[in-house]
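Fold and geometry: a report
Spelled out, the chains give:
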Amino acid sequence: MTEVPFMNLSDCYEEVHDDIMKKINELIDNTRFIGGDEVDFFENEFAEYCNMTYCAGCANGTDALMLTLSALGIGEGDTVLTVPNTFVATAEAITNVGADIDFIDISEQYYTMDPDKLEDYLKRQNSVDNIKAVIPVHLYGQMADMEKIMEIADKYDLKVIEDAAQAHGAELNGKRPGEYSGIATFSFYPGKNLGAWGDAGAIVMDNEKTYKKVQRLTDHGRINEKYTHQIPGYNSRLDSIQAAILRIKLKYLEKWTKERIKNAEYYNKILEDKKIVRPKIKENAQHVFHLYVIRSNNRKRLQQKLSNNNISTGIHYPIPLHLQPAYNYLGYKKGDFPITEKTCNEVLSLPMWPEIKKEQLNYIGKNIK
Ligand SMILES: *Cc1c(COP(=O)(O)O)cnc(C)c1O
């Protein structure tokens, strides 16, 4: 019986397992658990991978967003805009620093923030003084419409933070996450395109002052000082063992990304059908297919049929943030973000990981048809 999981993290172990185990043993023998070379080296290598000057590792992708907002001085009394179709972490980071949140609907074709709706929103406000930042999300592995978002943000003096938790190595017009706005945040949750063996995250930046501030915030307000704390910070460090694992895996990321893209192309070919909406790639863009998401107005039946045939799928995300109990207090109701609500009811994420086999893809294709 054929069985296809939604993702398979053990398929890539063979390639990296021995190197990683050797390195972990070395770190344990040296009792090197916090800080040290592995963290510094990974930060440098990941900054380089992103074409950015600085990288600060941290505990996870949610903290990466929160620490960035905090470093930019955003908190109580400020408003930050993001999309309603993202993982809840994007919103939590905003509200956990004490800022107000509001949402901008998405483009139906690409599922990322619609710049026209961002501009409409800003034009509708009596005052934009309290609106300090916007967080576009590079959802499923494709970058948001950064050219237009940057234009609008510059006009209204908004900071832009790119949530790139799903978009390691994605490109738009040859630029990677962070290059348009000067700042992007990443998650290395095990299932992300670059995944640790536990929780981890990072912020990449071009501005030295922001970098120093973020670095301090991750480690109790200090840099290389034991008992002098310049500002009240947090404990959100990147562990040495996770950094070492990420360094080894980073060497394979380009190859794994190419495999994801090839798998997506194969899906596109076998799923040619009027009733299925396949992912659309922006012009001059590299979609890195963290998720391969199709749409069907008969999703429930399709998902059930696949499940009956042992094919696991996912929905990213079934409940938009403005309709989540946690954000009830904002007073939004059904119909307020129509594109997000429509796509939430239709999207279906198919199995995707670099080493997924052609037979598995064919089996999925056959069952969808
Ligand atoms: C995974 C994810 C996060 C949060 O990352 P964690 O490492 O799990 O905290 C934030 N934003 C998006 C879009 C994500 O997919």
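Residues numbered from 1 in each chain as written. Predicted model: local features only at pLDDT ≥ 70, side-chain atom pairs only at ≥ 80, totals over all residues. Heavy atoms only, no water.

**Digging into the sheet that holds strand S4 (residues 131-135)**
Test applied: Any two strands between which DSSP finds at least two bridges are classified as paired. Put simply, DSSP marks the helices as runs of H or I at least four residues long and the strands as runs of E at least two long, and each gets a number from the N terminus on. Between two residues, a contact is recorded if the distance between any of their heavy atoms is within 4.5 Å. Think of each axis as a best-fit line through the C-alpha atoms, taken over the contacting stretch in the case of a helix, with angles from 0 to 180 degrees between the N-to-C directions.
Read across the sheet, four strands follow the order S3-S2-S4-S5 without closing on themselves; strand pairing throughout is parallel. Unpaired on one side and paired on the other, strand S3 (100-103) and strand S5 (159-160) mark the two borders of the sheet. Sheet topology note: the strand S2 (residues 79-82)/S4 ladder contains four bridges and is parallel. Paired with valine 80 across the two strands is alanine 133, which belongs to S4. Across the face of the sheet, helix H4 (residues 88-96) comes into contact with S2, S3 and S4 while running at roughly 145° to S3.

**Digging into helix H10 (residues 299-308)**
Rules: Here the term buried applies to any residue with accessible area under 20% of the maximum for its type, exposed to any over 50%, and partly exposed to those in between, with areas from a 1.4 Å probe on protein chains only. To be clear, the arc concerns the directions from the helix axis to the C-beta atoms.
What H10 keeps buried is the set Arg299, Leu302 and Leu306. Down the axis of H10, the smallest arc covering the buried residues is 65°, so these residues share one side. Facing away from the buried side of H10 by more than 90 degrees, the exposed set consists of Lys300, Arg301 and Asn308. Where H10 is buried, its residues meet strand S11 (292-295), helix H11 (338-346), strand S12 (347-350) and helix H12 (358-368). Just past H10, the residue asparagine 310 takes up positive phi, approximately 65°.

**Notes on the site of the ligand**
What counts here: For each residue, the test is whether any non-hydrogen atom lies within 4 Å of the molecule or strand; if one does, the residue is near. Side-chain atoms alone can form a polar contact between residues adjacent in sequence; in general such a contact is a pair of N or O atoms within 3.5 Å, and within protein one must be able to donate a hydrogen while the other accepts it. What sets the accessible areas is the Shrake-Rupley method with a 1.4 Å probe; for residues, cover comes only from the shown protein chains. Points on a 1 Å grid over protein atoms alone make up a cavity when a 1.4 Å probe fits among them but cannot get out, and a pocket when they form an open set with protein on both sides within 12 Å along at least five of seven lines; lining residues each have an atom within 4 Å of a point. A molecule is said to be in a cavity or pocket once over half of its atoms fall within 2 Å of that pocket's grid points. Polarity classes work like this: nonpolar for Ala, Val, Leu, Ile, Met, Phe, Trp, Tyr, Cys and Pro, charged for Asp, Glu, Lys and Arg, and polar for all others, with Gly in that last group.
Not every one of the 13 residues close to the ligand is listed here, only the nearest: Gly61, Thr62, Asp163, Ser187 and Lys192. Take aspartate 163: an N or O atom from its side chain is 2.8 Å from a nitrogen atom of the ligand. Contacts to the ligand include serine 187, whose side-chain N or O atom sits 2.7 Å from an oxygen atom. If the ligand stood free it would expose 380 Å²; the protein chains cover 93% of that surface. A majority-of-atoms criterion places the ligand in the second largest pocket. Elements that contribute at least two residues to the shell around the ligand include exactly helix H3 (61-71) and H4. Residues belonging to the shell around the ligand are distributed by class as follows: four nonpolar, seven polar and two charged.

**Points about the side chain of glutamine 215**
With respect to the helices and strands, the residue glutamine 215 is situated in helix H7 (residues 208-218). Discounting chain neighbours no more than four positions away, the residues touching glutamine 215 are Arg222 and Ile223.

**What to know about the side chain of lysine 282**
Rules: Charged-residue counts in this description rest on Lys and Arg as positive and Asp and Glu as negative, His and the chain ends being excluded. Take a side-chain nitrogen of Lys or Arg and a carboxyl oxygen of Asp or Glu: if they are within 4 Å of each other, that pair is a salt bridge.
Examined against the element boundaries, lysine 282 turns out to sit in the loop between helix H9 (253-270) and strand S10 (285-286). At 5.9 Å, aspartate 145 is the nearest oppositely charged side chain to lysine 282, a buried residue that forms no salt bridge. Residues within four places of lysine 282 in sequence aside, it is in contact with Tyr110, Thr112, Gln142, Met143, Ala144, Asp145 and Leu172.

**With respect to unusual backbone geometry**
The omega torsion of the bond from histidine 316 to tyrosine 317 falls at 10°, within 30 degrees of zero and hence cis. Along the chain, tyrosine 317 falls in the loop between H10 and H11. Positive phi is not limited to glycine here, since asparagine 284 has a value of about 60°. By the element assignment, asparagine 284 lies in the loop between H9 and S10.

**Some details on the packing of helix H1 (residues 13-29) against helix H8 (residues 240-250)**
Our working rule: An angle counts as roughly parallel when it lies under 35 degrees, as roughly antiparallel when it exceeds 145, as roughly perpendicular when it falls between 65 and 115, and as oblique in every other case. A clockwise turn of the near helix away from the far one marks a right-handed crossing, whereas an anticlockwise turn of less than a right angle marks a left-handed crossing.
In the contact formed by H1 and H8, the axes pass within 10 Å of each other and the chain directions differ by 150°. For the element pair H1 / H8, the angle class is roughly antiparallel. When you trace H1 past H8, the crossing you get is right-handed. Note on element contacts: H8 touches H1 through Ser240, Ile241, Ala244, Ile245, Ile248 and Lys249, opposite Val16, Asp19, Ile20, Lys23, Ile24, Leu27 and Ile28. Across the contact of H1 with H8, the residue classes tally to nine nonpolar, one polar and three charged.

**Regarding H7**
Of all the positions in H7, only Thr210, Tyr211, Val214, Gln215, Leu217 and Thr218 are classed as buried. Taken around the axis of H7, the buried residues stretch over an arc of 160°, which confines them to a single face. Close packing links the buried residues of H7 with strand S1 (54-58), H3, strand S8 (183-187) and strand S9 (201-205). The backbone nitrogen of lysine 209 lies 2.8 Å from a side-chain oxygen of the residue at the head of H7, namely asparagine 207. Histidine 220 occupies a position one or two residues after H7 and carries a positive phi of about 55°.

**Focus on a negative patch on the surface**
Which entries qualify depends on this criterion: Patch membership needs two things, relative accessible area over 30% and no salt bridge, and members are linked within 9 Å if like-charged or within 5 Å if nonpolar (Val, Leu, Ile, Met, Phe, Trp, Tyr). Charged side chains are reduced to one point each, which is NZ for Lys, CZ for Arg, CG for Asp and CD for Glu.
There is a patch of like negative charges on the surface, built from Glu147, Glu151, Asp154 and Asp157. Within the fold, aspartate 154 resides in helix H6 (residues 146-156).

**Quick notes on the pairing of S1**
Taking burial as the measure, the five residues of S1 include five buried ones, the bulk of the element. In S1, alternate side chains face the same way, and those of Tyr54, Ala56 and Cys58 on one face and Cys55 and Gly57 on the other are all buried. Where S1 and S9 come together, five bridges link them in antiparallel fashion. When the bridges of S9 are listed, alanine 56 appears paired with isoleucine 203.

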